Amino acid sequence: MMQSLGIDPGTATVGYGIVRECDDRTLEAVDYGAIVTSPALPTWERLKLIYDSVCALIDRHQPDRAAVEELLFGKNVTTAISVAQGRGVILLALTQKRIHIREYKPNFVKQSVSGYGNAKKTQIQEMVRLLLALDALPQPDDAADALAVAITDLYNAHVDSLLDEN
């Protein structure tokens, strides 16, 4: 069995999802949710809260690996910088906990989970629900995105292991 911690980075909201691949190759959600920080807090306090929360998730679940969604630069530079700061502390926490890290582009995650790189959020949520046999759509959508990242990572872990053998 292997577990991956998927993370949808941000500063206001960080989605997380821990997915386990069972011996029969089925997938199950172990834990998922969001780390939410208050806009009333200074940036450095928000970043520390994210760092501490990611470390606590790692300590609680002991994932074998982790995957973080790469940044998709839009038109809002301020948002991109803020998300990049959140990604930085997330990557630091994973590195300090000695977790194997992979990074995936949003379209690659959508392609892996739904078969379509431009799938809508609702399509990703539904595919995640089906793949993990959940009773309801995972909420918030940041958590669904993080679960999709973890699923993508587990799919790609087999490729990693083949490459490591060569």
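Now for a quick tour of the structure. Note that the structure is a prediction, hence the values are computed from the model and not measured.

## Overview of the overall build of the protein chain
- Along its length, the protein chain carries five helices and five strands.
- Each helix (α) and strand (β) of the protein chain, taken in turn from the N terminus, gives the series β-β-β-α-β-α-β-α-α-α.
- Compactness check: the protein chain gives a C-alpha radius of gyration of 15 Å against a globular reference of 15 Å for 166 residues, within 12% of the reference.
- Each principal axis of the C-alpha distribution contributes one length, and for the protein chain these read about 45 × 35 × 30 Å.
- For the protein chain, the proportion of contacts with a sequence separation of at least 24, taken over those separated by at least 6, is 61%.
- A total of about 8,700 Å² of accessible surface is found on the protein chain, and carbon and sulfur atoms cover 54% of it.
- Once the 16 positive and 22 negative side-chain charges of the protein chain are each reduced to a mean point, those two points are 6 Å apart.

## Observations regarding the packing of helix H1 (residues 43–61) against helix H2 (residues 77–96)
- Closest axis-to-axis distance for the H1/H2 pair is 9 Å, and the angle between their directions is 35°. Note that H1 runs across H2; the crossing there is right-handed. Packed against H1, whose contacting residues are Thr43, Leu47, Ile50, Tyr51, Val54, Cys55 and Ile58, the element H2 presents Gln85, Gly86, Val89, Ile90, Leu92, Ala93, Leu94 and Gln96 at the interface.
- Of the residues in the contact of H1 with H2, the class split is eleven nonpolar, four polar and no charged.

## Focus on the pattern of salt bridges
- Applying the stated criterion to the full structure yields eight salt bridges.
- Lysine 48 is the partner of aspartate 52 in a salt bridge, and the nearest nitrogen-oxygen pair spans 2.5 Å. Separated by four residues within a single helix, aspartate 52 and lysine 48 lie in helix H1, roughly one turn from each other.
- For arginine 87, the salt bridge identified is with glutamate 103, shortest N-O distance 2.2 Å. Placement of arginine 87 in helix H2 and of glutamate 103 in strand S5 (residues 100–104) is noted, with a sequence separation of 16 residues between them.
- The class of arginine 87 is buried, set by a relative accessible area of 11%.

## With respect to the pairing of strand S3 (residues 27–36)
- Two strands pair when backbone bridges link them, and strand S2 (residues 13–21) and S3 are joined in this way by nine bridges, in the antiparallel orientation. Looking at the pairing, isoleucine 18 lines up with aspartate 31 of S3.
- Counting the residues that bridge the hairpin from S2 to S3 gives five residues, and of these arginine 25 lies at a positive phi of roughly 75°.

## Points about the sheet that holds S5
- Taken in spatial order, the five strands of this open sheet run S3-S2-S1-S4-S5, and their pairing is mixed. Whereas interior strands pair on both sides, the edge strands pair on one side only; in this sheet they are S3 and S5. If you compare each strand with its neighbour and ignore which way they point, the axes differ by 20° on average.
- Sheet strands touched by H1: strand S1 (2–8), S2 and S3. Its angle to S3, the strand with the most contacts, is close to 160°.
- Packed on one face of the sheet, H2 meets S1, S2, strand S4 (65–69) and S5 and runs near 170° to S4.

## What to know about helix H4 (residues 121–131)
- Listing the buried residues of H4 in full gives Ile124, Gln125 and Val128. Viewed along the axis of H4, the buried residues span an arc of 100°, placing them on a single side of the element.
- The positive-phi residue at the C-terminal boundary of H4 is alanine 133, with phi of around 50°.

The rules behind each value
- Residues numbered from 1 in each chain as written.
- Predicted model: local features only at pLDDT ≥ 70, side-chain atom pairs only at ≥ 80, totals over all residues.
- Heavy atoms only, no water.
- Helix = DSSP H or I, 4+ residues; strand = E, 2+ residues; numbered from the N terminus.
- Rg over C-alpha atoms; globule rule 2.2 N^0.38 Å.
- Contact = heavy atoms within 4.5 Å.
- Areas by Shrake-Rupley, 256 points an atom, 1.4 Å probe, with all protein chains shown as cover.
- Lys, Arg positive; Asp, Glu negative; His and termini not counted.
- Charge placed at Lys NZ, Arg CZ, Asp CG, Glu CD.
- Axes fitted to C-alpha atoms, helices over the stretch in contact; angles between N-to-C directions.
- Left-handed = near helix turned anticlockwise from the far one by under 90°.
- Nonpolar A, V, L, I, M, F, W, Y, C, P; charged D, E, K, R; others polar.
- Salt bridge = Lys/Arg side-chain N within 4 Å of Asp/Glu carboxyl O.
- Buried < 20%, exposed > 50% of the residue type's maximum accessible area, 1.4 Å probe, protein only.
- Pairing = 2+ DSSP bridges.
- Arc of directions from axis to C-beta.

In short, the description is geometric, and any link to function would need to be established separately.
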